[in-house]
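Results of the structural survey
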Amino acid sequence: MTVRRFAVTVTLKEGLLDPQGETVKGALPTMGWGNVTEVRVGKHIELAVEVEDAAGARAQVEEMAARFLTNPVIEDFRVEELPAEAGPSENGQGTS
Amino acid sequence: MTRRPRVAVITFPGSNDDRDAARAIRLLGGEAVPVWHGEADLGGADAVILPGGFSHGDYLRTGAIARFAPALGAVREHAATGRPVLGICNGFQILCEAGLLPGALIRNRSLSFICRVVHVRVETRRTPFTAQLSEGEVLDIPIKHGEGQFVATPGELARIEGEGLAVFRYCTPDGEVSEEANPNGAMDGIAGVRDERGNVVGLMPHPEHAVDPDIGPTGGQPLFESLFAELLATLS
């Protein structure tokens, strides 16, 4: 059994107005940063997955992201594998 | 029919409009059947309401976790037989997440939580909740939501408009759909949609809060009256 760690980044689909991103963009010039042309606010989800077969871990995370962690009607995602050390459930005592 | 129409009201952890929904049902002549989200049985109800609130704290996305409740399996079966399903506010969000209704609800364009009475125009009579109403009729119903902006992909929106799936649109008191009358930035001013068959409807405004003339507008009353008239006609 090995633990693999992943990060899933979730953003609103291109073409959908992102109200949070627009608000942040609107606030930046008041602090002197007038050259920011685009801001997208999203979500960052980190997962530690226990697997026998390391190769299947990424596919599982992709599937979880597509079927539950995101809503395909409004959101896009990308999955990135993280270094294995210092994971939240490295000790095997994850929250219930 | 000798009995009153039975309407199940599902309570999820975080629902807070279930009692108002049950009260509206009773006030307008129906029998409310309370159903806990963990139950997989709607108690033989003729119709079902998914009420407003903040199921599972709105964590992940509004409605994203509630859709896995055992009661949602029963709602799917109920919907598949053509019987009426109404999702109000968070209930609408749950039905969209469950894939029973098209589109999705995201943060209001203003980012503000909005709580006020709005005007909505009835767009179609092809649902049990609007069958007894007139197209173009304007109803005064309150909204109270932070994530009520209806959105869909361009293809899905074209399908919604092409098939006449929009049931309610935000409008002026005179029934004109305009950006000024749109409280949350919803695409095409959509406040409520139906599924292809028409028996599943979701809307952001709260008809259950608008049934008592002593405490505000009564724009929600016709929806319940229409539902009960349709149920009485089919069950007799």
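Residues numbered from 1 in each chain as written. Chains lettered and ligands numbered in written order. Predicted model: local features only at pLDDT ≥ 70, side-chain atom pairs only at ≥ 80, totals over all residues.

All names here are of chain B. Strand order in the open sheet formed by nine strands is β2-β1-β3-β4-β11-β10-β9-β6-β7, with mixed pairing between adjacent strands. Either end of the sheet is taken by a strand with one partner, and the two such strands are β2 (31-36) and β7 (138-145). Between one strand axis and the next, the sheet turns by 25° as a mean value, whatever way the strands run. Across four bridges, the pairing between strand β4 (residues 85-88) and strand β11 (residues 200-203) is parallel. Residue pairing across strands places I88 opposite L203, the latter belonging to β11. Docked against the sheet, helix α1 (residues 18-27) engages β1 (6-11), β2, β3 (47-50) and β4, running at close to 175° with respect to β1. (Pairing = 2+ DSSP bridges. Helix = DSSP H or I, 4+ residues; strand = E, 2+ residues; numbered from the N terminus. Axes fitted to C-alpha atoms, helices over the stretch in contact; angles between N-to-C directions. Contact = placed C-beta atoms within 7 Å.)

Below, the discussion takes up the interface of chain A and chain B. Each side of the interface is counted separately: chain A has eight residues, and chain B has 12 residues. Within the side of chain A that touches chain B, the residues separate by chemical class into five nonpolar, three polar and no charged. (Nonpolar A, V, L, I, M, F, W, Y, C, P; charged D, E, K, R; others polar.)

Nonpolar side chains in soluble globular proteins tend to end up buried together. Among the nonpolar cores identified, the biggest contains 76 residues, and V7(B), A8(B), V9(B), V48(B) and L95(B) are the most heavily contacted of them. When neighbours within four sequence positions are excluded, V48(B) is seen to be in contact with V7(B), A8(B), I10(B), L42(B), V75(B), H78(B) and V85(B). Formed by seven residues, the second largest nonpolar core is a distinct cluster that contains F6(A), L47(A), A65(A) and L69(A). (Core = buried A, V, L, I, M, F, W, Y, C linked by C-beta atoms within 7 Å. Buried ≥ 20, exposed ≤ 12 C-beta atoms within 10 Å, placed from the backbone.)

Here the focus is the confidence of the model for chain B. Considering every residue of chain B, the mean pLDDT works out to 96; 99% of them sit at 70 or more. Both confidence scores are given for the complex: pTM 0.91, ipTM 0.80. (pLDDT = per-residue confidence, 0-100.)

Glancing now at the sheet that holds strand β1 (residues 2-12) of chain A. Residue and element names in this part refer to chain A. The antiparallel open sheet is built from three strands, whose spatial order is β2-β1-β3. The outermost strands of the open sheet, each flanked by one partner alone, are β2 (43-51) and β3 (75-82). Ignoring which end each strand starts from, the neighbouring axes of this sheet average 25° apart. In terms of strand pairing, β1 meets β2 through nine bridges, oriented antiparallel. If you follow V10 over to β2, its bridge partner there is K43.

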